[in-house]
Amino acid sequence: MQTETITGATRWEALADRVLKGKPLSTEEALSVLQCPDEALLSLLQAAYRVRHHYFGNKVKLNMIINAKSGLCPENCGYCSQSIVSTAPVERYSMLKKEVLIEGAREAIDRQAGTYCIVASGRGPTHREVEEVAEAVREIKSQTRLKICACLGILSEEQARRLKEAGVDRYNHNLNTSASHHDQITTSHTFDDRVRTVEHAKQAGISPCSGCIVGMGETDEQIVEVANSLKELDADSIPVNFLHAIPGTPLEGMDELNPRRCLKILALFRLMCPTKEIRVSGGREVNLRSLQPLALYPANSLFVGDYLTTEGQVAEQDHQMIRDLGFEIEECAL
């Protein structure tokens, strides 16, 4: 038994060594990370942490979301409480006024977040909505050093340029799942539609943010597939969401994750995308539960506060968790 443990630990350390030398994981190696025995989990996390520490030290980036437009979405995404096929009782309102978006930026600073994420429901923004967000961003950037991330849905090249000119630093548009699993989650837009939006943001000079949601019935192979797609897309920031199955959505009742599985998935993304910001995102509280602190060994970023239609952990608890780990919150905007 002792020999097996040592051999297992050596295996993950060898993977970390190869990753740090710039060598990518093979498909077989990536699958082995997801299939890591529970008794070897700490060894896997140690290997992932070596890679994380090499590029990011013990710094943790904090991000805060404001739900700038809620509900009213014509898309049929199975995980989303704001979609047209959802019967979940969520708030429905049009784009928040500029003053409310600016006040949200001040709240982000109070929570020690360095990135403020303006998120709106819908297939994509109208030109008027883009200009409303742009006006708020210009004012926020004139008053703070916050990094601004916009997430407004499918974006045209012109809209991406307008957001860049206003001062938007980052644009989020998640791939959500692999190309081979996409039609099981939504049919109202294509996987390529999502890739195209991220490319439009990149072409405009905006930092691309794109990630996934796990726990939606995908296979191990499909998790590796979406990780490879995000690597090829060269997303600077990769949010890893864990399905929080909301009553009233098509995926209501789905519950295939456990804390150990979530940690293995985070380790996979760190080893496959070693230089990227890996963010522990939606659903972490209900899926990682008491093992949340361990997520910051492979990941170097998290959302603080509430999500779009679900509650998050109290910000002070996140701050305490980071301090207890001996980690440090990355300097926030002043």
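Please read all numbers here as calculations on a predicted model, not as lab measurements.

*Asks:* In this structure, what is going on with the nonpolar core? I would like to understand it.
*Replies:* Of all hydrophobic cores here, the largest spans 88 residues; its most connected members are V33, Y116, I118, L163, V240, F242 and F269. Broken down by element, the residue count for this core peaks at nine residues, all from helix α9 (residues 259-272).

*Asks:* Whenever I open this one, the pattern of salt bridges confuses me. Can you help?
*Replies:* Two side chains that carry opposite charge are able to pair once their charged atoms sit near each other. A complete count under the given rule lists 24 salt bridges for this structure. D17 is paired through a salt bridge with R50; the nearest N and O atoms lie 2.8 Å apart. Separated by 33 residues along the polypeptide, D17 in helix α1 (residues 2-20) and R50 in helix α3 (residues 41-56) bring together distant segments of the chain. For R50, a relative accessible area of 27% gives the class partly exposed.

*Asks:* Help me out: how do you make sense of the pairing of strand β7 (residues 237-242) in this one?
*Replies:* Looking along a regular strand, one sees side chains alternate from face to face of the sheet. Along β7, six of the six residues are buried, which leaves the element largely enclosed by surrounding structure. In β7, alternate side chains face the same way, and those of S237, P239 and N241 on one face and I238, V240 and F242 on the other are all buried. Note: strand β6 (residues 212-214) against β7, three bridges, orientation parallel. By the bridge assignment for β7, I213 is matched with N241. In the classification by handedness, the crossover that spans β6, the intervening helix α8 (residues 220-233) and the parallel β7 is right-handed. Here β7 pairs with strand β8 (residues 277-280) via four bridges, running parallel. Of the residues in β8, the one forming a bridge with P239 is R279. With respect to chirality, the unit in which β7 leads through α9 into the neighbouring parallel β8 is right-handed.

*Asks:* Would you take a moment to explain the packing of aromatic side chains for this structure?
*Replies:* Two aromatic rings are characterised by how far apart their centres lie and by the angle between their planes. As enumerated under the stated definition, the model contains three aromatic pairs in all. Summarising the aromatic geometry, the rings of Y49 and F327 are spaced 6.2 Å apart at their centres and angled 5° between planes, so their arrangement reads as stacked. Taken as a pair, Y49 in helix α3 and F327 in the loop between α11 (315-324) and β10 (328-329) lie far apart in primary sequence, 278 residues in all. For the residue pair Y49 and F327, the accessibility class agrees, reading buried in each case. Looking at F327, the relative accessible area reads 8%, which means it is buried. Taken together, the ring pairs in this structure connect Y49, Y297 and F327 into an aromatic cluster.

*Asks:* When you look at the state of the cysteines in this model, what are you seeing that I'm missing?
*Replies:* Among covalent bonds in proteins, the disulfide is the one between the sulfur atoms of two cysteines. Tallying each qualifying case throughout the model produces zero disulfides. Residue C73 stays outside any disulfide, its sulfur separated by 6.2 Å from that of C80, the closest cysteine.

*Asks:* What is the right way to read the packing of α8 against α9 from this model?
*Replies:* Pairs of packed helices are described in terms of their axes, by the angle between the two and the distance that separates them. At a minimum axis distance of 10 Å, the contact between α8 and α9 shows a crossing angle of 35°. Between α8 and α9 the crossing geometry is right-handed. Side by side, α8 and α9 meet where D220, I223, V224, V226, A227, N228, L230 and K231 of the first sit next to R261, I265, L268, F269 and M272 of the second. Within the contact of α8 with α9, the residues separate by chemical class into nine nonpolar, one polar and three charged.

Each value, and the rule that gives it
Residues numbered from 1 in each chain as written. Predicted model: local features only at pLDDT ≥ 70, side-chain atom pairs only at ≥ 80, totals over all residues. Heavy atoms only, no water. Core = buried A, V, L, I, M, F, W, Y, C linked by side-chain atoms within 4.5 Å. Buried < 20%, exposed > 50% of the residue type's maximum accessible area, 1.4 Å probe, protein only. Helix = DSSP H or I, 4+ residues; strand = E, 2+ residues; numbered from the N terminus. Salt bridge = Lys/Arg side-chain N within 4 Å of Asp/Glu carboxyl O. Pairing = 2+ DSSP bridges. Right-handed = clockwise from strand over helix to strand, strands pointing away. Phe/Tyr/Trp six-rings, centres within 6.5 Å; stacked < 30°, edge-to-face > 60°. Disulfide = S-S within 2.5 Å. Axes fitted to C-alpha atoms, helices over the stretch in contact; angles between N-to-C directions. Left-handed = near helix turned anticlockwise from the far one by under 90°. Contact = heavy atoms within 4.5 Å. Nonpolar A, V, L, I, M, F, W, Y, C, P; charged D, E, K, R; others polar.

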